[in-house]
Amino acid sequence: MPEWLQAGGWGLVAGSALLLGALAGWYLPVPQRVIALIMAFGAGVLLSAVSFELIAEAHEQGGMLPTALGAAGGALAYTLANLALARRGARHRKRSGERQPSEREKPGSGTAMAVGALLDGVPESVVIGASLLSGGPVSVVTVAAVFLSNVPEGLSSAAGMRRAGRSSRYVFLLWAGIALVSGVAALVGYTLLGGAPPTVLAAITALAAGAILAMITDTMVPEAFENAHLLVGLVTVAGFLTAFALSHT
């Protein structure tokens, strides 16, 4: 199978977890505390992947300066985009409770949340595609980390969207679309970054890592802490160690 097709396929696999999580959040009566604990575990998994897979790899490829500039640029870009989306009603897009606004309360918030979901998922998928550029197999840890973190994201968001009165059609088309875009983003990441100098590849990897880290702290951790409180730290460390173990097997 061509590597560009593998890249798209792995991105689709990771993105499909969003749809699986949304199905669970819509149809299963999952308590908010359980959703919060799953979110904390997913945050820990992603933190480990950012640390030991993305930042470490970027530093090895290009050194400290491209890594630092890329990570800072990714965090800044994500934060500015997130601020713009927050003003349009997407601030609580990963919240499972009653914080998400309905379309009647905030016109245009549905579109803003869809764009926000893309903002959250695209950097992860680009990294999956780029992980194939070394000529070896895809980074299993990165795919597993994104998959495991996407399940609680989809679950929490779908539960919150249901409480905000959004239709099942909107929710499932949204997450199915994001899953498809994840596959395309992984394919594009592989195609566009092929042949890029190591420093450029390092900067792009770090840029995605910075955006993911900003996303974790801005959207995942608040949802986890609000409903699980003192257990968040313990469960986050469990997720972190799980991903760390995967990267060393």
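Residues numbered from 1 in each chain as written. Predicted model: local features only at pLDDT ≥ 70, side-chain atom pairs only at ≥ 80, totals over all residues. Heavy atoms only, no water.

Overview of the overall build of the chain
Counting its secondary structure elements, the chain contains eight helices and zero strands. For the chain, the α and β elements follow one another from N to C terminus as α-α-α-α-α-α-α-α. Taken over the C-alpha trace, the chain has a radius of gyration of 17 Å; the compact-globule value for 249 residues is 18 Å, and the two agree within 12%. Dimensions along the principal axes, computed over C-alpha positions, put the chain at roughly 50 × 35 × 35 Å. Scored against the burial criterion, the 249 residues of the chain give a buried share of 49%. Summarising the internal contacts of the chain: among those between residues at least 6 apart in sequence, 85% fall at separations of at least 24. Accessible surface computed for the chain: about 11000 Å², of which carbon and sulfur atoms make up 72%. (Helix = DSSP H or I, 4+ residues; strand = E, 2+ residues; numbered from the N terminus. Rg over C-alpha atoms; globule rule 2.2 N^0.38 Å. Buried < 20%, exposed > 50% of the residue type's maximum accessible area, 1.4 Å probe, protein only. Contact = heavy atoms within 4.5 Å. Areas by Shrake-Rupley, 256 points an atom, 1.4 Å probe, with all protein chains shown as cover.)

Observations concerning the UniProt feature "transmembrane region" (unreviewed entry) in the chain
With numbering matched to this structure, UniProt assigns "transmembrane region" (unreviewed entry) to residues 6–28, 35–56, 68–86, 170–193, 199–216 and 228–246. Secondary structure across residues 68–86 comprises 100% helix and 0% strand; the distance between its end C-alpha atoms is 27 Å. (UniProt positions renumbered as here; feature names shortened; annotations may be inferred.)

Some details on helix α7 (residues 198–228)
When the terminal C-alpha atoms of α7 are compared, their 42 Å separation across 31 residues agrees well with the 45 Å that a helix rising 1.5 Å per residue should span. At Val221, α7 is deflected by roughly 35 degrees, the largest bend along its length, and proline Pro222 occurs up to four residues later in sequence. Count one or two residues on from α7 and you reach His229, which has phi positive near 55 degrees. (Expected span 1.5 Å × (residues − 1). Bend = angle between axes of the 7 residues up to and from the residue.)

Let's talk about the packing of helix α1 (residues 3–27) against helix α6 (residues 168–193)
The geometry of α1 relative to α6 is characterised by a closest axis approach of 7 Å and an angle of 160 degrees between their N-to-C directions. Comparing the axis directions of α1 and α6 gives the class roughly antiparallel. Of the two elements, α1 crosses α6, and the hand of that crossing is right-handed. (Axes fitted to C-alpha atoms, helices over the stretch in contact; angles between N-to-C directions. Parallel < 35°, antiparallel > 145°, perpendicular 65-115°, else oblique. Left-handed = near helix turned anticlockwise from the far one by under 90°.)

Observations concerning the nonpolar core
Counting 25 residues, the largest nonpolar core has Leu46, Leu54, Ile212, Met215, Ile216 and Met220 as the members making the most contacts within it. Every element with two or more residues in this core is listed here: α2 (32–62), α7 and α8 (232–247). Not counting residues within four places of it along the chain, the set of residues in contact with Leu54 comprises Ala49, Val127, Thr142, Thr205, Ala209 and Ile212. (Core = buried A, V, L, I, M, F, W, Y, C linked by side-chain atoms within 4.5 Å.)

Considerations on helix α5 (residues 140–163)
With 24 residues, α5 ought to run about 34 Å at 1.5 Å a step, and its terminal C-alpha atoms sit 35 Å apart, in line with that. Within α5, 18 of the 24 residues are buried, which leaves the element mostly enclosed by the surrounding structure.

Some remarks on a nonpolar patch on the surface
Residues Leu20, Leu23, Tyr27 and Leu28 make up a contiguous nonpolar surface patch of roughly 400 Å² in combined accessible area. What makes Leu23 partly exposed here is its relative accessible area of 33%. (Patch = residues over 30% accessible without salt bridge, like charges linked within 9 Å, V, L, I, M, F, W, Y side chains within 5 Å. Salt bridge = Lys/Arg side-chain N within 4 Å of Asp/Glu carboxyl O.)

Concerning the environment of Val221
With respect to the helices and strands, Val221 occurs in helix α7. The exposure class assigned to Val221 is partly exposed, which follows from its relative accessible area of 34%.

Some points on the packing of aromatic side chains
A complete count under the given rule lists four aromatic pairs for this structure. Between Tyr27 and Phe172, the ring centres sit 5.8 Å apart and the planes meet at 15 degrees, which makes this aromatic pair stacked. Of this pair, Tyr27 sits in helix α1 while Phe172 is found in helix α6, placing the two residues 145 residues apart along the sequence. The exposure class of Tyr27 is exposed, given its relative accessible area of 55%. Its relative accessible area of 16% is what places Phe172 among the buried residues. Among the aromatic residues, those joined into a cluster by ring pairs are Trp26, Tyr27 and Phe172. Note that Arg166 overlies the ring of Tyr170, its terminal NZ or CZ placed 5.5 Å from the centroid. (Phe/Tyr/Trp six-rings, centres within 6.5 Å; stacked < 30°, edge-to-face > 60°. Lys NZ or Arg CZ within 6 Å of the ring centre and 35° of its normal.)

Description of the packing of α1 against α5
Packed helices, taken two at a time, are described by the angle their axes make and the gap between the axes. Direction vectors running N to C along α1 and α5 enclose 30 degrees, while the axes themselves pass 6 Å from each other. Regarding α1 and α5, the two cross each other, and that crossing is right-handed. Residue classes in the contact of α1 with α5 are distributed as 17 nonpolar, six polar and two charged. (Nonpolar A, V, L, I, M, F, W, Y, C, P; charged D, E, K, R; others polar.)

Points about the side chain of Glu124
When you line up the elements, Glu124 lands in helix α4 (residues 109–130). Judged by relative accessible area, which is 1%, Glu124 ranks as buried.

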